Every structure is written in structure tokens, then in C-alpha cells.
Amino acid sequence: MRHALARFVISVAALLVASPLAGAQTTVDLDAERKADLVTAYKILVNEGILDSFGHVSVRSSKDPSIFFMPRAMPPALVSKDDLLELRVSDSQPVDPNGRRVNGERYIHGEIYKARPDVISIIHSHSQAVIPLSLTAIKLKPVIAQAGFLPPETPTFEIRDARKDGERGMQVTDSARGAALARSLASHPVALMRGHGEVVVGSSVKQAVVYAAYVDINARMQTQALLLSRDIVTLNEPELFTPEEFDINRPWEHLKQRTLDDAAKAKVDRAQFGLDQTQMKR
């Protein structure tokens, strides 16, 4: 009996010692996950034709919100985890470039992160579907169900209003221009940039990527409808949705799988999709 009791005490003690170690071993590195999603975002957006040679994506650090991750200056199709740099939100400067060139339009990201604490990821693309709508008085409006995250009218940033006398160019290459863009974006998830493209923000890399994909599709559908008639039907307020009402994981996985082989697709958890509120009979 005494031996059995001793073995029990030893077993309990071993569990108490092992539990903290097990917890430490299973601790999730959220920054590593965000970096992995960032690299995947580049693959998806290049594959979908949304990023060209100069677009870029960033993500805020989960450990230190005053830091964001963004690749060095390079073509989006080449981005890997080793190309990611840490930049400060305060001034959009790299913590340690380690001899690598930084992206000239990093101020888009730094100034939006500064103005929007809710934003975790930012995409700047030169979507060819979106640019025509930035050139006219016709606003980008939600016209398809999956673009219900858009406001009734998406704002357009005019860099001429931010460029000082004697300055040139269309790019957002300093803090003043970045801050002006952030003001145009305001609390919206998207802002167009006249003749330049768009900026899309999200509460995660996944959300920003999915939003960017549907902004591109929505812009194409709106433009095609306008070719048929100037009198088109857009979504009204009851047809818009909140993030909780949209299964962001389904389009993210769909877009991601389009970049992978069959072996990788076979490993996907097929039970992860579908919102709880859609499972109930009404």
C-alpha cells in the first residue's frame, strides 16, 4: 500500500513538473504565423493577378504593435520569409535593414498603422480592374454579395491634394503623403488611389487578402454592368455585412489551394468551414 501511494505521489509530482514544460512547448508563435500568412498572401495575390511588379503587403507584429513586417524592395513573386524586415510604425523606418534596400512606399503602411490601431494587415496593389474607377466621378460601390464589406461609396485618394509645391510623382514616399492617404481611408476597409491602385486593410492577413480579391472582382462586375447601363443596382444597407457574418476562411483556403499541389490540398481540414449561424434551420 505504501509503495502504491509513493508511486502515485511521484506520478502527480511528475505531471506537475511536466505540465509547464508541455505548455511552453505548445506555445504558439503568433508572429511566426503572421509572417507565414504574409508570404502566402504574396503567392495568392500574384496568382490572382492583383499584385504586379510593385505591389506590397505588410502585417503588424502581435508581440509589439509598434512594429510591422514587410519585405525588402523586391518583386512580389520572389518574396520569402527570409526577405521580411521589421519596420517601426512611428517613422516607417527599418529596425535593422541588414544591408537590404527597403520599399519606397513603406509610408503607406506605417501611417495607416499609426492612424488605425484596429488594422493588422495592409495591401497596396495596382489592380487593373480598380484603376479605371479611380479616374472618373463614378465611385466603387458594392455590387456583388461577397463585397458587402465595402461602404456604399469607396473614397478615392488624390495625391495632388497631398503633394507640396515643387514636388513630383504619384508614389507615397514620405510620411506626409502616407498620413494624407490614411485620412482618405478613414475608417473604411478600402480606398482607391487615383491612377495608382488601391489600399486594402484588414484585421488579419487573411481578411485583407480576401477583401482585396473581392474588391478586384467587384470592380470588374461593376464596370461590366456600367457598359450595359448607367442605371445599375448596388447593395443597400441591409445587404452589407459585418466581419462576423462572412466566412473569411473559405475564400482564403480556396485562393491558397490554387497555389498548391494536390498533395497539399489533400491535407486540408475540410471540417473547418461554415459559420455557426448558417447551421440552424430557420
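The present account deals with the structure reproduced in this document. A quick note: this is a predicted structure, and the numbers were derived from the prediction, not measured. (Residues numbered from 1 in each chain as written. Predicted model: local features only at pLDDT ≥ 70, side-chain atom pairs only at ≥ 80, totals over all residues. Heavy atoms only, no water.)

Turning to the overall build of the protein chain, a few remarks are in order. Helix and strand counts for the protein chain come out as seven helices and seven strands. Overall, the protein chain shows an N-to-C arrangement of helices and strands of α-α-β-β-β-α-β-β-α-β-β-α-α-α. Counting the 282 residues in the protein chain, one finds 42% classified as buried. Pairs at least 24 apart in sequence give 64% of the contacts found in the protein chain among residues at least 6 apart. Summing over all exposed atoms, the protein chain offers an accessible surface of approximately 15,600 Å²; the carbon and sulfur share of this is 54%. (Helix = DSSP H or I, 4+ residues; strand = E, 2+ residues; numbered from the N terminus. Buried < 20%, exposed > 50% of the residue type's maximum accessible area, 1.4 Å probe, protein only. Contact = heavy atoms within 4.5 Å. Areas by Shrake-Rupley, 256 points an atom, 1.4 Å probe, with all protein chains shown as cover.)

Time to look at the pattern of salt bridges. A side chain of one charge can pair with a side chain of the opposite charge if their charged atoms are brought near each other. In total, this model carries 12 salt bridges according to the counting rule given. Residues Arg258 and Glu48 are paired through a salt bridge, measuring 2.8 Å at the closest nitrogen-oxygen approach. Separated by 210 residues along the polypeptide, Arg258 in the loop between helix H6 (249-257) and helix H7 (262-266) and Glu48 in the loop between helix H2 (30-47) and strand E1 (56-60) bring together distant segments of the chain. Owing to a relative accessible area of 26%, Glu48 belongs among the partly exposed residues under this scheme. (Salt bridge = Lys/Arg side-chain N within 4 Å of Asp/Glu carboxyl O.)

The next thing to look at is the environment of Phe54. By secondary structure assignment, the location of Phe54 is in the loop between H2 and E1. The spacing of Phe54 and Ala73 is 19 residues in sequence and 8.7 Å in space, taken between C-alpha atoms. Setting aside chain neighbours within four positions, we find Phe54 in contact with Pro76 and His126.

Let us look at the sheet that holds strand E6 (residues 190-193). What holds strands together in a sheet is hydrogen bonding between their backbones, with the strands either parallel or antiparallel. Taken in spatial order, the seven strands line up as E3-E2-E1-E4-E7-E6-E5 in an open sheet, and their pairing is mixed. Strands at the two margins of the open sheet, each flanked by one partner only, are strand E3 (84-88) and strand E5 (156-157). One ladder, built from four bridges, connects E6 with strand E7 (residues 197-202); its direction is antiparallel. Bridge pairing in E7 places Met193 opposite Gly197. (Pairing = 2+ DSSP bridges.)

All right, on to H2 then. Taking 1.5 Å per residue, 18 residues should reach 26 Å; H2 reaches 25 Å between its end C-alpha atoms and fits that length. Listed in full, the buried residues belonging to H2 are Asp31, Leu38, Val39, Thr40, Ala41, Tyr42, Ile44 and Leu45. Looking at the buried positions of H2, the neighbouring elements they touch are E1, strand E2 (67-71), E3, strand E4 (121-125), helix H5 (205-228) and H6. With a side-chain oxygen lying 3.2 Å from the backbone nitrogen of Asp31, the N-terminal cap of H2 falls on Asp29. The first or second residue beyond H2 is Gly49, which carries a positive phi of 75°. (Expected span 1.5 Å × (residues − 1). Polar contact = N/O pair within 3.5 Å; in protein donor to acceptor, adjacent residues only side chain to side chain.)

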